[in-house]
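Each chain is listed here by its residues.
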Amino acid sequence: IAALWVWRARGSAVEAAMPLLGLIPRLLEVLVDHQEDKDVLLHATRFLFNLAKRSTYWPENVREPTLAALKELCSASLLTPRPECPDFMHYLLNALKVIAQLDLEPK
């Protein structure tokens, strides 16, 4: 639900979504612990992609661990493809791209 809400956020709702950055460390832990759960992988990466797409910046202490975790997940997924979850790779790769382009400080 959070991924959908963030995806639909516009205007002041985008700024209201920024406290969700505080949930990212826990979300990364869940991703590591549930790498075999296609629903967790899909929805977590979709959430990260949509939150990043709506953001203008992420602090370095959120951005760097997220990029590291997603890169590791991408490497593992290339070795073990997940045909049962085709959208997962779409969101994973796009999340990596968008997060890497985010500023480290607000403008």
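Residues numbered from 1 in each chain as written. Predicted model: local features only at pLDDT ≥ 70, side-chain atom pairs only at ≥ 80, totals over all residues. Heavy atoms only, no water.

K.L.:
I tried to follow the pattern of salt bridges on my own but got confused; where do I start?
P.N.:
Pairing is possible between side chains that carry opposite charge, provided their charged atoms lie close to one another. The full count for this structure, using the stated rule, is 2 salt bridges. Here E64 ties to R63 by a salt bridge, and the two come within 2.6 Å at their closest N and O atoms. (Salt bridge = Lys/Arg side-chain N within 4 Å of Asp/Glu carboxyl O.)

K.L.:
What exactly am I supposed to notice about the confidence of the model for the protein here?
P.N.:
The predicted coordinates of low-pLDDT regions are not to be read in fine detail. For the protein, per-residue confidence averages 82 on the pLDDT scale, and 82% of positions sit at 70 or higher. Within the protein, the lowest mean pLDDT, 53, falls on helix α1 (residues 2–8), and the highest, 91, falls on helix α6 (residues 86–101). (pLDDT = per-residue confidence, 0-100. Helix = DSSP H or I, 4+ residues; strand = E, 2+ residues; numbered from the N terminus.)

K.L.:
What is the right way to read the packing of helix α4 (residues 38–54) against helix α5 (residues 60–79) from this model?
P.N.:
If you want to describe how two helices pack, look at the angle between their axes and the distance between the axes. Direction vectors running N to C along α4 and α5 enclose 140°, while the axes themselves pass 13 Å from each other. It follows that α4 is oblique to α5 by the angle criterion. α4 and α5 meet at a crossing whose hand is left-handed. For the pair α4 and α5, the contacting residues are L41, T45 and L48 in the first and T66, L70 and L73 in the second. The residue inventory of the contact of α4 with α5, partitioned by class, reads 4 nonpolar, 2 polar and no charged. (Axes fitted to C-alpha atoms, helices over the stretch in contact; angles between N-to-C directions. Parallel < 35°, antiparallel > 145°, perpendicular 65-115°, else oblique. Left-handed = near helix turned anticlockwise from the far one by under 90°. Contact = heavy atoms within 4.5 Å. Nonpolar A, V, L, I, M, F, W, Y, C, P; charged D, E, K, R; others polar.)

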